[in-house]
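For reference, the chains in residue letters:
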Amino acid sequence: MRADYSYRNDAAVPDFPDDRPLIVFDGECVFCSAWVQFALKHDKRQRYRFLAAQTPLGEALYRHYGLNERDYETNILIEDGRAFFKSDGSIRMVAGLGAPWSAVRIFRLLPRKLADRLYEFVARNRLKIAGRRASCFVPTKAQRDRFLG
């Protein structure tokens, strides 16, 4: 576990605005891009920013947290300077959308090992489930300010 805002002290991580939660996702994965589109639609408070893992900043954040920057086995949620991964990150992301989505917190009752195994199963098979994008998701003009990179 790294200290809060540890990326600010890592010269390999470019500066970025961290005043709102940031979701780092696999921009080439149809499943992950669909999640981002879902979040954009339901994030009425526009609290989240988004970043494709395939950007220099996305790769630097994966490396900073000891993850393989070429194998996006987890999305990353960076909130208040802390990084959340796998099931914990996903539950926090969905709960952050507000009601009725905040009911997803019930899944925190699952043992973390079990929840992470379920997450890992989906993550490992996401390309088989949904495929790889021939082209990247392109946000609308109104959505662009919510994306970094």
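Residues numbered from 1 in each chain as written. Predicted model: local features only at pLDDT ≥ 70, side-chain atom pairs only at ≥ 80, totals over all residues. Heavy atoms only, no water.

Undergrad: Give a detailed account of the packing of aromatic side chains, specifying residues and quantitative values.
TA: By the definition in use, this model includes seven aromatic pairs. When the ring of Phe50 is compared with that of Phe147, the centres are 5.3 Å apart and the planes differ by 35°; the resulting orientation is tilted. Here Phe50, found in strand E2 (residues 49-52), pairs with Phe147, found in strand E5 (residues 147-148); they are 97 residues apart in sequence, far enough to count as distant. By relative accessible area, Phe147 is classed as buried at 18%. (Phe/Tyr/Trp six-rings, centres within 6.5 Å; stacked < 30°, edge-to-face > 60°. Helix = DSSP H or I, 4+ residues; strand = E, 2+ residues; numbered from the N terminus. Buried < 20%, exposed > 50% of the residue type's maximum accessible area, 1.4 Å probe, protein only.)

Undergrad: Now, about the nonpolar core: what can you tell me, with residues and values included?
TA: Among the nonpolar cores identified, the biggest contains 19 residues, and Ile23, Trp35, Val36, Tyr48 and Phe50 are the most heavily contacted of them. Looking at this core, the elements with two or more residues in it are strand E1 (22-25), helix H1 (30-42) and helix H3 (86-95). Once you skip the residues sitting within four places of it in the chain, Tyr48 turns out to touch Arg20, Pro21, Ile23, Asp43, Leu77, Arg92, Met93, Gly96, Leu97 and Arg146. Counting residues in each nonpolar core, the second largest holds 18 residues, with Val13, Ala60, Tyr72 and Ile76 among its members. (Core = buried A, V, L, I, M, F, W, Y, C linked by side-chain atoms within 4.5 Å. Contact = heavy atoms within 4.5 Å.)

Undergrad: An account of the pairing of strand E3 (residues 76-79) is needed here, citing residue identities and associated values.
TA: Going residue by residue along E3, you find Ile76 and Ile78 tucked away on one face and Leu77 and Glu79 tucked away on the opposite face as well. Bridging between E1 and E3 involves three bridges; their strand directions are antiparallel. Opposite Leu22, over in E3, you have Ile78 as the bridge partner. With four bridges joining them, E3 and strand E4 (residues 82-85) adopt antiparallel strand pairing. Following the sheet pairing, Glu79 is matched in E4 by Arg82. (Pairing = 2+ DSSP bridges.)

Undergrad: Provide a residue-level description of helix H2 (residues 56-64), including the pertinent values.
TA: With seven of its nine residues buried, H2 lies for the most part within the structure. Among all positions of H2, only Leu57, Gly58, Glu59, Ala60, Leu61, Tyr62 and His64 are buried. Buried-residue contacts for H2 involve E1, E2, E3 and E5.

Undergrad: So what's going on with the confidence of the model for the protein? Residues and values would help.
TA: Across the protein, pLDDT averages 90, with 95% of residues at or above 70. The least confident element of the protein is helix H4 (residues 112-130), whose mean pLDDT is 84; the most confident is E3, at 97. (pLDDT = per-residue confidence, 0-100.)

Undergrad: Let's hear about the layout of surface pockets: which residues, and what values?
TA: Roughly 590 Å³ of internal volume is contained in the largest pocket. If you trace the largest pocket, you find 23 residues lining it, with Phe31, Ser87, Ser90, Tyr119 and Val122 closest to the centre. Looking at the lining of the largest pocket, the elements with two or more residues in it are H1, H3 and H4. For the lining of the largest pocket, the leading source of residues is H4, giving six residues. Residues belonging to the lining of the largest pocket are distributed by class as follows: 16 nonpolar, four polar and three charged. (1 Å grid on protein atoms, 1.4 Å probe; cavity = no way out; pocket = protein on both sides within 12 Å on 5 of 7 lines; lining within 4 Å. Points joined across faces, edges and corners; volume = space filled by probe spheres on them. Nonpolar A, V, L, I, M, F, W, Y, C, P; charged D, E, K, R; others polar.)

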